[in-house]
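Secondary and tertiary structure notes
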Amino acid sequence: MSHLKIGLFGFGCVGSGLYQVLNQNNQLNAKIQKIVAKDPTKSREKTSVPILYDASEIVNDTEINVVVELINDSNEAYEIVKESLKKGKHVVTANKKLIAERLDELIQLANENNVSLLYEGAVAGSIPIIRNLEEYYNNDTLTSIEGIVNGTTNYILTKANQGISYSEALLEAQKKGFAEADPTLDVDGFDPKFKLTILLKHAFGISVSPSNLLNIGIRNLKPQDIQYANEKGFRIKLFASASKDEHGITAFVAPHFIESSHSAYHVDDEFNAVVVQAAYADKQLFYGKGAGSFPTASAVLSDISALQFNYRYEYRKTTPELLSLTTDFELYVYISATTKESLDHIEFEEIDDLYVSKGFSYKIGKIRFNEIQKINWNDQEDLSLLIFSESSNRILKESDKANSYNFHYN
Ligand SMILES: NC(=O)c1ccc[n+]([C@@H]2O[C@H](COP(=O)([O-])OP(=O)(O)OC[C@H]3O[C@@H](n4cnc5c(N)ncnc54)[C@H](OP(=O)(O)O)[C@@H]3O)[C@@H](O)[C@H]2O)c1
């Protein structure tokens, strides 16, 4: 495409970052023509282009051929993106909720209007994971993709490890500009679930409604859970995981115990990491800033740049082969509560460890995923659930054998 004439929606954390990044980049044949924000009473930095407050200023401007959508309201973003695609404009967005909930419909609209819809910034901030899943892993069979895709919760968990309280850490994350306006989306695992939904489409070619994926967040983790992790030499990380086997695709978001040899163990603060396992390439780690003004703007900039050579996602993994989500599998988990009675109604397949003390108890063992799904974990203040990764499970079993305690009461 010759010249990119951009209409920018949103001038907040990412939008203003993009404005600066684009102004400093003179290699791109791209220019912001107009900016549309929401609140006309807000005082703002001076810009070289007008800041307007009416969406039609961009959507109906026939000169503008690219819409960059960086607002913080997914319903309004849907209207903006839909109308822009219908008007034959290419769209770049970083809105994971919008993409996760409406992807198939928006892909169809983009195809009907022969335009691109790109959203690298929507998953794992600056990490170029979508483009890699589309291009690099096109001919290699992926078996799993998992990782830390939410900067806010990783920041909170990092601080929790250092003894800082949950609310203090959340406030710090918000001040630094990488917590979402509504922290529920982050701390209850919705934001990583939206990203997982998008990853499922590009990694395995399946369309899943986010409402069909389980998300367990970090809000109810107790100081004793962190202490348990420290004692065992693990760190707690909120993981979005998807893997493929002969039964189908397993996918969910939940806190995990990660052992020190795991590539995500040292991923701290707002950093993200995605581990891709492919048949021939084997394991590969993508690491980088998962949020923040410039890191996210860099992913948006890369999408804008890709439009110069008419780049489009091809969704080549979408095949008629009937791959679908399965819930028929087992996980090795730790579940804690203030009393043992609160744990008794949860049906384990096998219990390897039971700890009971005044005010804190836990069980460790095998549980069916269907059983986990029966509970709304984010609403159960008293209950925390953590999953052992395959290796942390092995390490735990070896150390517990050495200590030879399995059932202990204090
Ligand atoms: N922050 C991050 O680190 C990050 C990382 C990855 C992805 N994202 C995604 O990037 C998007 C933007 O996030 P952000 O952090 O930059 O949000 P933000 O700082 O809260 O800024 C939101 C901007 O959107 C504008 N806005 C809201 N509704 C609008 C409407 N109807 N029309 C026009 N403008 C509207 C606001 O206008 P006013 O200025 O007038 O209030 C504000 O400028 C979101 O989808 C977010 O999920 C953010």
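Residues numbered from 1 in each chain as written. Predicted model: local features only at pLDDT ≥ 70, side-chain atom pairs only at ≥ 80, totals over all residues. Heavy atoms only, no water.

**Details of the overall build of the chain**
For the chain, the helix and strand inventory stands at 14 helices and 17 strands. For a compact globule of 410 residues, the expected C-alpha radius of gyration is about 22 Å, and the chain comes in at 22 Å, within 12% of that figure. A total of 410 residues make up the chain; the buried ones form 56% of that total. Total accessible area computed for the chain in this model is approximately 17,800 Å², and 46% of it derives from carbon and sulfur atoms. (Helix = DSSP H or I, 4+ residues; strand = E, 2+ residues; numbered from the N terminus. Rg over C-alpha atoms; globule rule 2.2 N^0.38 Å. Buried < 20%, exposed > 50% of the residue type's maximum accessible area, 1.4 Å probe, protein only. Areas by Shrake-Rupley, 256 points an atom, 1.4 Å probe, with all protein chains shown as cover.)

**A few points about the site of the ligand**
Around the ligand there are 24 residues in total, and Asp39, Lys42, Arg44, Glu76 and Gly292 lie nearest to it. Between the ligand and the protein, one listed contact pairs an oxygen atom with a backbone N or O atom of lysine 38 at 2.9 Å. Side-chain polar atom of glutamate 76 to a nitrogen atom of the ligand: 2.2 Å apart, as the coordinates give it. Protein contacts shield 87% of the accessible area of the ligand, which totals 900 Å² for the unbound molecule. (Near = heavy atom within 4 Å. Polar contact = N/O pair within 3.5 Å; in protein donor to acceptor, adjacent residues only side chain to side chain.)

**Considerations on the nonpolar core**
Among the nonpolar cores identified, the biggest contains 107 residues, and Leu18, Val68, Tyr119, Ile129, Ile145, Leu200 and Ile304 are the most heavily contacted of them. In terms of residue count, helix 4 (residues 96-112) provides more of this core than any other element does, 8 residues in total. For leucine 18, the contacting residues outside a window of four places in its chain are Leu8, Val68, Leu70, Ala297, Val300, Leu301 and Ile304. In terms of nonpolar packing, the next biggest core, distinct from the first, is built from 20 residues, Phe329, Ile346, Phe369 and Trp377 among them. (Core = buried A, V, L, I, M, F, W, Y, C linked by side-chain atoms within 4.5 Å. Contact = heavy atoms within 4.5 Å.)

**Quick look at the packing of aromatic side chains**
Applying the stated criterion across every chain, the model contains 23 aromatic pairs. Seen in terms of ring centroids, phenylalanine 257 and phenylalanine 388 are 4.9 Å apart; in terms of plane orientation they differ by 35°. Their pairing is tilted. A residue pair is termed long-range when its members are at least 10 positions apart, and phenylalanine 257 in strand 10 (residues 248-258) and phenylalanine 388 in strand 16 (residues 384-388) qualify at 131 residues. Accessibility classification places phenylalanine 257 together with phenylalanine 388 in one group, the buried group. Members of the aromatic cluster, connected to one another through ring pairs, are Tyr228, Phe234, Phe257, Tyr332, Tyr334, Tyr355, Phe360, Tyr362 and Phe388. The positively charged end of arginine 102 is found above the aromatic ring belonging to tyrosine 78, 3.6 Å away from the centroid. The cationic tip of arginine 235 hangs over the ring face of tyrosine 265; the distance from NZ or CZ to the ring centre is 4.4 Å. (Phe/Tyr/Trp six-rings, centres within 6.5 Å; stacked < 30°, edge-to-face > 60°. Lys NZ or Arg CZ within 6 Å of the ring centre and 35° of its normal.)

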